[in-house]
Amino acid sequence: MKRKHSFGYLLLIVFIVIIFIKLISGSLFAHAPDRLQFVVYGQDTKLYSLSHNGDNNYYIGYSPDLKVEVPNGYGSYRIGALSKLIAYEKKPELLSKAFSVATSSFVTYYFYPSKTEIYYADETPQTYRAPSFTELMMYKSNARLLDRIYLYLQVLQTSPSSFQNLDIGLLTKKVQQSIHLSSDAFGQEYKGFFYNRTYRTERFTVQIKYTNNYKTAVAIGKILEGSGVRVVDISEEKVKTKNCTIVTDTAVRSRTVVDLSAVFHCDVKRAKVDTSDILFILGSVEKEWEL
């Protein structure tokens, strides 16, 4: 009887170890990118850009009254009211999409409070403040537990003095009584700041194919370029495709393709591409990122 119990315990331990290894291997502890970007939403919405080497870290503080473009056809929205939008539409991923467009780069993770509240500007200066334990560990997020822990440990070991505060005050424009952040002006002012070194090292080129919305295709191209991926062409595709597809022969297992597939939820198809290393057929992404 003891042997049966011992064997059962051994099986349980092996099972637990396998699950733990699987969780670790799929987390940031095993596959952290060269640059990690996440937004913490609230009264003082903050965007953090962390480099893997601990240098060239950036911080942006946003006023709740500032308007940004929200993909999926929602138009310009006041940042302080985004909480109401994502709660009503049940689409928290709009946070990462909106700030990806605003910064022309991949903003992978988002954190926001459980309580839905509309925020208004106060007199608090938008200077660097590290994300708190509560924000990274208790807020709602698309980050898994191990990824939350990784991000918190990264923040703890990163010196506040290593963060450069990016001023967006001069990159805004007034439209009637509202203040809008110009994503074009931001992209020009801070071009190259958010590059992922791996993408630059791999040097794979991308051709984007769209069917209806050129503006959306251009915005996605800017996000890729701002992250360090070179876009060589944006052109119309006559045949409509339902699914987002990444076609490549030489770059199937590259970090560039893996991340593109993960960010935009695309299928990867192995086939020869003539004009670039990677063909990015937007498909459903056109609607999901519509501007």
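Since we're looking at a predicted model, the values are computed, not measured.

Cut-offs applied
- Residues numbered from 1 in each chain as written.
- Predicted model: local features only at pLDDT ≥ 70, side-chain atom pairs only at ≥ 80, totals over all residues.
- Heavy atoms only, no water.
- Phe/Tyr/Trp six-rings, centres within 6.5 Å; stacked < 30°, edge-to-face > 60°.
- Helix = DSSP H or I, 4+ residues; strand = E, 2+ residues; numbered from the N terminus.
- Buried < 20%, exposed > 50% of the residue type's maximum accessible area, 1.4 Å probe, protein only.
- Pairing = 2+ DSSP bridges.
- Axes fitted to C-alpha atoms, helices over the stretch in contact; angles between N-to-C directions.
- Contact = heavy atoms within 4.5 Å.
- Core = buried A, V, L, I, M, F, W, Y, C linked by side-chain atoms within 4.5 Å.
- Patch = residues over 30% accessible without salt bridge, like charges linked within 9 Å, V, L, I, M, F, W, Y side chains within 5 Å.
- Areas by Shrake-Rupley, 256 points an atom, 1.4 Å probe, with all protein chains shown as cover.
- Salt bridge = Lys/Arg side-chain N within 4 Å of Asp/Glu carboxyl O.
- Lys, Arg positive; Asp, Glu negative; His and termini not counted.
- Charge placed at Lys NZ, Arg CZ, Asp CG, Glu CD.
- Expected span 1.5 Å × (residues − 1).
- Polar contact = N/O pair within 3.5 Å; in protein donor to acceptor, adjacent residues only side chain to side chain.
- Disulfide = S-S within 2.5 Å.

### So, the packing of aromatic side chains
For the structure shown, the criterion picks out 21 aromatic pairs. An angle of 55° between the planes, with centres 5.2 Å apart, marks the rings of Phe264 and Trp289 as tilted. Within this pair, whereas Phe264 is found in helix H10 (residues 255–264), its partner Trp289 is found in the segment after helix H11 (285–288), the two being separated by 25 residues in sequence. Taken individually, Phe264 and Trp289 each receive the classification buried, so the pair is uniform in this respect. Taken together, the ring pairs connect Phe38, Tyr48, Tyr59, Phe111, Tyr128 and Phe163 into an aromatic cluster.

### Some remarks on the sheet that holds strand S7 (residues 140–141)
With mixed pairing, six strands are arranged side by side in an open sheet as S7-S6-S1-S2-S3-S8. Looking at strand neighbours, the two that pair on one side only are S7 and strand S8 (163–165), the edges of this open sheet. Here five bridges tie strand S2 (residues 45–51) to strand S3 (residues 57–62), and the two strands are oriented antiparallel to one another. Looking at the pairing, Lys46 lines up with Gly61 of S3.

### Notes on the sheet that holds strand S12 (residues 230–236)
Strand order in the open sheet formed by five strands is S12-S11-S15-S13-S14, with mixed pairing between adjacent strands. The sheet is open, and its two borders are formed by S12 and strand S14 (267–270), each paired with just one other strand. Mean inter-strand twist for the sheet, computed between neighbouring axes without regard to direction, equals 20°. For strand S13 (residues 245–248) and S14, the ladder comprises four bridges, and the chain directions are parallel. Residue pairing in the sheet places Ile246 in a bridge with Val268 of S14. Lying on the sheet, helix H9 (residues 214–227) is in contact with strand S11 (205–210), S12 and strand S15 (278–281); it crosses S12 at an angle near 170°. The strands touched by H10 are S11, S13, S14 and S15; relative to S13, the strand with the most contacts, the crossing angle is about 170°.

### Some words on the nonpolar core
Among the nonpolar cores identified, the biggest contains 30 residues, and Ile60, Tyr62, Leu95, Phe99, Ile168, Leu181 and Phe186 are the most heavily contacted of them. At the level of elements, S3, strand S4 (66–70), helix H3 (82–89), helix H4 (94–103) and strand S6 (109–112) are the ones that each hand at least two residues to this core. Top contributing element to this core by residue count: H4, with five residues. If sequence neighbours within four positions are ignored, Phe99 has contacts with Val39, Thr45, Leu47, Tyr62, Ile79, Leu82 and Val107. Listed in part, the 25 residues of the second largest apolar core include Tyr210, Cys244, Ile278 and Leu282.

### A short note on a positive patch on the surface
On the surface, Lys191, Arg200, Arg203 and Arg230 cluster together to form a positively charged patch. Following the sequence through the fold, Arg200 ends up in helix H8 (residues 197–202). For Arg200, a relative accessible area of 41% translates into the label partly exposed.

### Let's talk about H9
Residue pairs three or four apart in sequence face the same way in an α-helix, which turns once every 3.6 residues. Taking 1.5 Å per residue, 14 residues should reach 20 Å; H9 reaches 20 Å between its end C-alpha atoms and fits that length. Where H9 is concerned, the buried positions are Thr216, Ala217, Ala219, Ile220, Gly221, Ile223, Leu224, Gly226 and Ser227. For H9, the N-terminal capping position is held by Asn213, with its side-chain oxygen 3.1 Å away from the main-chain nitrogen of Lys215. Two residues or fewer past H9, Gly228 is found with a positive phi of approximately 110°.

### Overview of the state of the cysteines
Throughout the structure, instances matching the rule amount to one disulfide. Paired through a disulfide, Cys244 and Cys266 show a sulfur-sulfur distance of 1.7 Å. Linking Cys244 and Cys266, the disulfide has an S-S dihedral of approximately 65° and is accordingly described as right-handed. Of the two residues, Cys244 is situated in the loop between S12 and S13 and Cys266 in the loop between H10 and S14; the sequence distance between them amounts to 22 residues. For the pair Cys244 and Cys266, a shared accessibility class is recorded, and that class is buried.

Keep in mind these values describe shape, not function.
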